[in-house]
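# Analysis of the macromolecular model
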Amino acid sequence: RAKDGGRRAFHFFEPGMDARVRARRLLEIDLRRAMAAGEFELYYQPLVSLKSGAITGFEALLRWHHPSRGLVPPAEFIPLSEEIGLIVPLGEWVLRQACAEAARWPANLKVAVNLSSVQFKTGNVTHAVLSALANSGLPASRLELEITESILLAESEANLATLYRLRGLGVSVSMDDFGTGYSSLSYLRAFPFDKIKIDRSFVSELSDGGDCMAIVRAVAGLGSSLGIATTAEGVETGEQLAWLRNEGCTEMQGYYFSPPVPASKIAPMLKANEGARSSCEGLVRH
Ligand code: C2E
Ligand code: MG
Ligand code: MG
Ligand code: MG
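Each value, and the rule that gives it
- Along each chain, numbering runs from 1 in the same order as the chain's sequence is written.
- To read the labels, note that chains go from A and ligands from 1, taken in the order they are written.
- Only residues with pLDDT of at least 70 are given local features in this predicted model, and only at 80 or more are side-chain atom pairs given and counted; all residues enter the totals for whole chains, interfaces and linings.
- Side-chain metrics in this entry use all non-hydrogen atoms of the structure; hydrogen atoms and water are not considered.
- Centres within 6.5 Å make a pair out of two Phe, Tyr or Trp rings, where for Trp the six-membered ring is used; the pair is then stacked when the planes are under 30 degrees apart, edge-to-face when over 60, and tilted otherwise.
- Each helix corresponds to a stretch of at least 4 residues labelled H or I by DSSP, and each strand to a stretch of at least 2 residues labelled E; elements are numbered beginning at the N terminus.
- Here the term buried applies to any residue with accessible area under 20% of the maximum for its type, exposed to any over 50%, and partly exposed to those in between, with areas from a 1.4 Å probe on protein chains only.
- We call a set of buried Ala, Val, Leu, Ile, Met, Phe, Trp, Tyr and Cys residues a nonpolar core when their side-chain atoms join them within 4.5 Å.
- What makes two residues a contact is simply this: any of their non-hydrogen atoms within 4.5 Å.
- A donor here means an N, O or S atom no more than 2.8 Å from the metal, or no more than 3.2 Å when the metal is Na, K or Ca. Since water is not included, a site may seem to lack partners.
- By convention in these notes, a salt bridge is any Lys or Arg side-chain nitrogen within 4 Å of a carboxyl oxygen on Asp or Glu.
- Distances are taken per atom, and a residue is near a molecule or strand as soon as one of its heavy atoms is within 4 Å of it.
- Polar contacts here mean pairs of N or O atoms no more than 3.5 Å apart (in protein, one a potential hydrogen donor and the other a potential acceptor; neighbouring residues in sequence count only if both atoms are side-chain atoms).
- To measure how exposed things are, a 1.4 Å probe is used in the Shrake-Rupley method; for residues, cover is taken only from the protein chains shown.
- The nonpolar class holds Ala, Val, Leu, Ile, Met, Phe, Trp, Tyr, Cys and Pro. Asp, Glu, Lys and Arg form the charged class, and all remaining residues, Gly among them, are polar.

An unreviewed UniProt entry annotates the chain as Diguanylate cyclase/phosphodiesterase with PAS/PAC sensor(S) (Modular protein) of Methylocella tundrae.

Here the focus is the packing of aromatic side chains. Within the structure shown, the criterion is met by seven aromatic pairs. Here the aromatic rings of Phe40 and Phe77 are separated by 5.6 Å at their centres, their planes lie at 45°, and the arrangement is tilted. Of this pair, Phe40 sits in strand E1 (residues 40–49) while Phe77 is found in the loop between strand E3 (70–72) and helix H2 (78–83), placing the two residues 37 residues apart along the sequence. Relative accessible area serves as the criterion here: at 8%, Phe40 is assigned to the buried category. Arranged with centres 4.9 Å apart and planes meeting at 70°, the rings of Tyr164 and Phe191 form a pair that is edge-to-face.

Moving on: the nonpolar core. Counting 77 residues, the largest nonpolar core has Phe40, Tyr44, Phe58, Leu95, Leu143 and Leu244 as the members making the most contacts within it. Ranked by the residues each element gives to this core, the list is headed by helix H3 (residues 87–102), at seven residues. The residues touching Leu143, leaving out its near neighbours within four places in the chain, are Leu95, Cys99, Val111, Val113, Val129, Leu133, Leu138, Val171 and Ser172.

Right, let's get into the coordination of the magnesium ion (ligand 2). For the magnesium ion (ligand 2), the full set of protein donor atoms is Glu59 (OE), Asn114 (OD1), Glu146 (OE) and Asp176 (OD), at a range of 2.0 to 2.2 Å. When the donor residues of the magnesium ion (ligand 2) are listed from N- to C-terminus, their spacing reads E-x54-N-x31-E-x29-D. A relative accessible area of 28% means that Asn114 is categorised as partly exposed. Glu146 gets classed as buried once you look at its relative accessible area, which sits at 1%.

This part covers the pattern of salt bridges. The final tally for this structure, using the stated rule, is 16 salt bridges. In this structure, Lys195 engages Glu144 in a salt bridge whose closest nitrogen and oxygen atoms are separated by 3.1 Å. Of this pair, Lys195 sits in strand E7 (residues 195–198) while Glu144 sits in strand E5 (residues 143–147), and the two are 51 residues apart along the sequence. This pair shows no difference in class: Lys195 is buried, exactly as Glu144 is. One salt-bridge network, held together by shared partners, links Lys110, Glu144, Lys195 and Glu251.

This part takes up the site of ligand 1. Neighbouring ligand 1 are 22 residues; Arg63, Asn114, Asp176, Glu236 and Tyr255 lie closest to it. Here an oxygen atom of ligand 1 and a side-chain polar atom of Asn114 are 2.9 Å apart. Residue Asp177 places a side-chain N or O atom 3.1 Å away from an oxygen atom belonging to ligand 1. Protein coverage of the free-state accessible area of ligand 1, which is 800 Å², stands at 83%. Listed by contribution, the elements that provide at least two residues to the shell around ligand 1 are strand E2 (55–66) and strand E6 (172–178). In terms of residue count, E2 provides more of the shell around ligand 1 than any other element does, four residues in total. Of the residues in the shell around ligand 1, the class split is nine nonpolar, five polar and eight charged.

Turning our attention to the environment of Leu222. Along the chain, the position of Leu222 falls in helix H10 (residues 211–226). Assessed through its relative accessible area of 25%, Leu222 is described here as partly exposed. For the pair Leu222 and Leu185, spaced 37 residues apart in sequence, the C-alpha separation works out to 9.9 Å.

With that settled, the discussion passes to the coordination of the magnesium ion (ligand 3). Of the protein atoms, only Asp176 (OD) and Glu233 (OE) coordinate the magnesium ion (ligand 3), at distances of 1.6 to 2.0 Å. The metal-metal distance between the magnesium ion (ligand 3) and the magnesium ion (ligand 2) is 3.5 Å, with Asp176 coordinating both. You can see Asp176 sitting in strand E6 and its partner Glu233 sitting in the loop between strand E8 (229–232) and helix H11 (238–246), a full 57 residues away along the chain. When its relative accessible area of 7% is taken as the criterion, Asp176 is described as buried.

Here it is as structure tokens:
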């Protein structure tokens, strides 16, 4: 098998690799072009208090309006943007845009922005945050930065120092995708996070009973005893919502309430949310 398998693998593998490298190279060129052409847009997904049913803020989520491919989700271009360093200028644009947009919202609403570990490593993320706040006039207290544990995994000393500097500016810091990494718990000890975002993979399996229920319950309890807010990601059903609220989760985000929407949909959504709350309907879907 090994002998002619090797030859077959050679013929089979070589053109495939070539095609992959070519596709990557094309995507790279396309991404740089898109950046210059202004094809990126931020969508916003509401974060909702499980106590009051009020919208407390929005997470900014990057979208690429490709001229021929249509709306491209971040999973298809962020990894390559990180590899080629494009995430640094792109991430600065996200910060500027999100802060500028949020400065026009009612003053009780926050905006959450995702940061890549590459922005910590090769970009001046503190400067990017400071200038986005200064240019928009958004108070630092209304900006939440979402990071994953990959930021503390590599270059942990330098990145920790940066995180403390950022927090010193008055912004809050959330641990995103909690539970998917290797040592989420030890990072909770290393840095005083303001919020834990429980990964969607745990929330989506709540209805199967078993492990996910025990894990989410434990994280909600951990958050409440540490005084850290807990946000459940990817809430899709009323049952999940009721269960999470009962377990003391403080906030939710998910399709059940609303998918990410363009900025123009925010004002009508806030109005509907206000109306629903004053008429005691509680959480209303969009
Ligand atoms: P994330 O930060 O964990 O964002 C939450 C993701 O879950 C979003 O996917 C959102 O659309 C999706 N989601 C929310 N509720 C539900 C639900 O009920 N069901 C399902 N199936 N999905 C739900 P999206 O927008 O595709 O973003 C994926 C990831 O891309 C984000 O995960 C984040 O890691 C990254 N990303 C997005 N925007 C940026 C950005 O501006 N900068 C950086 N560095 N990363 C970003
Ligand atoms: Mg996030
Ligand atoms: Mg997340
Ligand atoms: Mg996630």
